[in-house]
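Examination of the molecular architecture
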Amino acid sequence: MLQLQSLKKSYSQGSHTVEIFEDLNFELHKGEKVAIMGKSGSGKSTLLSLISGIIKPNQGDIVLDGVSYKNMSESQINDFRATHIGFVFQNFHLVSYLNALENVMLPAKVCGIENPRTKAQELLKSVGLEHRIDHLPSQLSGGEKQRVAIARALIHNPKIILADEPSGNLDDETGDAVMNTLFELIEKNNTSLILVTHSKEVANRCETTYKLALGQLLPC
Ligand SMILES: Nc1ncnc2c1ncn2[C@@H]1O[C@H](COP(=O)(O)OP(=O)(O)O)[C@@H](O)[C@H]1O
Ligand SMILES: [Mg+2]
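Residues numbered from 1 in each chain as written. Chains lettered and ligands numbered in written order. Predicted model: local features only at pLDDT ≥ 70, side-chain atom pairs only at ≥ 80, totals over all residues. Heavy atoms only, no water.

**Focus: the site of ligand 1**
Neighbouring ligand 1 are the residues Tyr11, Gln13, Ile20, Lys39, Ser40, Gly41, Ser42, Gly43, Lys44, Ser45 and Thr46. Ser45 has a polar backbone atom sitting 2.9 Å from an oxygen atom of ligand 1. Thr46 places a polar side-chain atom, nitrogen or oxygen, 2.5 Å from an oxygen atom of ligand 1. Calculation on ligand 1 without its partners gives an accessible area of 560 Å², and the protein chains cover 61% of this total. Within the residue set of the shell around ligand 1, elements represented by two or more residues are strand 1 (2–13) and helix 1 (44–51). A total of three residues in the shell around ligand 1 trace back to one element, the largest contributor, which is helix 1. Classifying every residue of the shell around ligand 1 by side-chain character gives two nonpolar, seven polar and two charged. (Near = heavy atom within 4 Å. Polar contact = N/O pair within 3.5 Å; in protein donor to acceptor, adjacent residues only side chain to side chain. Areas by Shrake-Rupley, 256 points an atom, 1.4 Å probe, with all protein chains shown as cover. Helix = DSSP H or I, 4+ residues; strand = E, 2+ residues; numbered from the N terminus. Nonpolar A, V, L, I, M, F, W, Y, C, P; charged D, E, K, R; others polar.)

**A look at the sheet that holds strand 4 (residues 59–64)**
Taking strand neighbours across the sheet as the criterion, the four strands line up as 2-1-4-5 in an open arrangement whose pairing is antiparallel. Both edges of this open sheet fall to strand 2 (16–28) and strand 5 (67–68), since each of them pairs with a single strand only. The pairing of strand 1 with strand 2 spans nine bridges and is classified as antiparallel. In the strand pairing of strand 2, Gln3 is matched with Glu27. Strand contacts of helix 1: strand 1, strand 2 and strand 4, with the helix running at about 120° to strand 1, the strand carrying the most contacts. (Pairing = 2+ DSSP bridges. Contact = heavy atoms within 4.5 Å. Axes fitted to C-alpha atoms, helices over the stretch in contact; angles between N-to-C directions.)

By themselves these figures say nothing about function.
See the structure below:
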């Protein structure tokens, strides 16, 4: 379903080059849930950015559901990302001037999905926030913001969710409850998940945990 093929990625800063991946290969199946752990700076966020097409590899290719990123233009990859990928971030990344309902509707509007309002209302209900739809992000707690972000990540029925330390800014109890909701919804929809986390307990909810070290993903 997702293939990373001989990925090479380095960042250049002046005359200095930071090598992140030299030859990374990886495969994820439909509905599979994997966790990625690894030290800060090991390249976890870079890996998610490559999978989402936000950044390009220096060499190699990414193939999602049979579609290669290699020859896509920037606008094609932006459309592809908006249609097929959902994101959950540590810092929620909600649009501050839109209320919960409008935030959740955004990806559906971008993709031209029918009845975005009804779908957003249903999703907010399924994350337990039907009483918060008019609230702005500033009027929500951290856990509530992340629930809005989860609803937003799922509204366009993405093939895959990329989650970068989604419970990293939440206390244990809130983080647990939010992760329960995320797993419940992605299992219901058979959505694939790549979850970056520092928590072994959170990682254990996935089928496989990989450690990212020295540019390689090693099962652990
Ligand atoms: N845009 C960039 N330009 C230069 N170096 C970067 C850039 N983004 C990340 N890096 C470097 O790449 C390495 C991996 O970063 P990152 O993927 O954010 O790691 P992680 O998410 O595992 O903490 C770090 O050393 C970081 O400083
Ligand atoms: Mg990171």
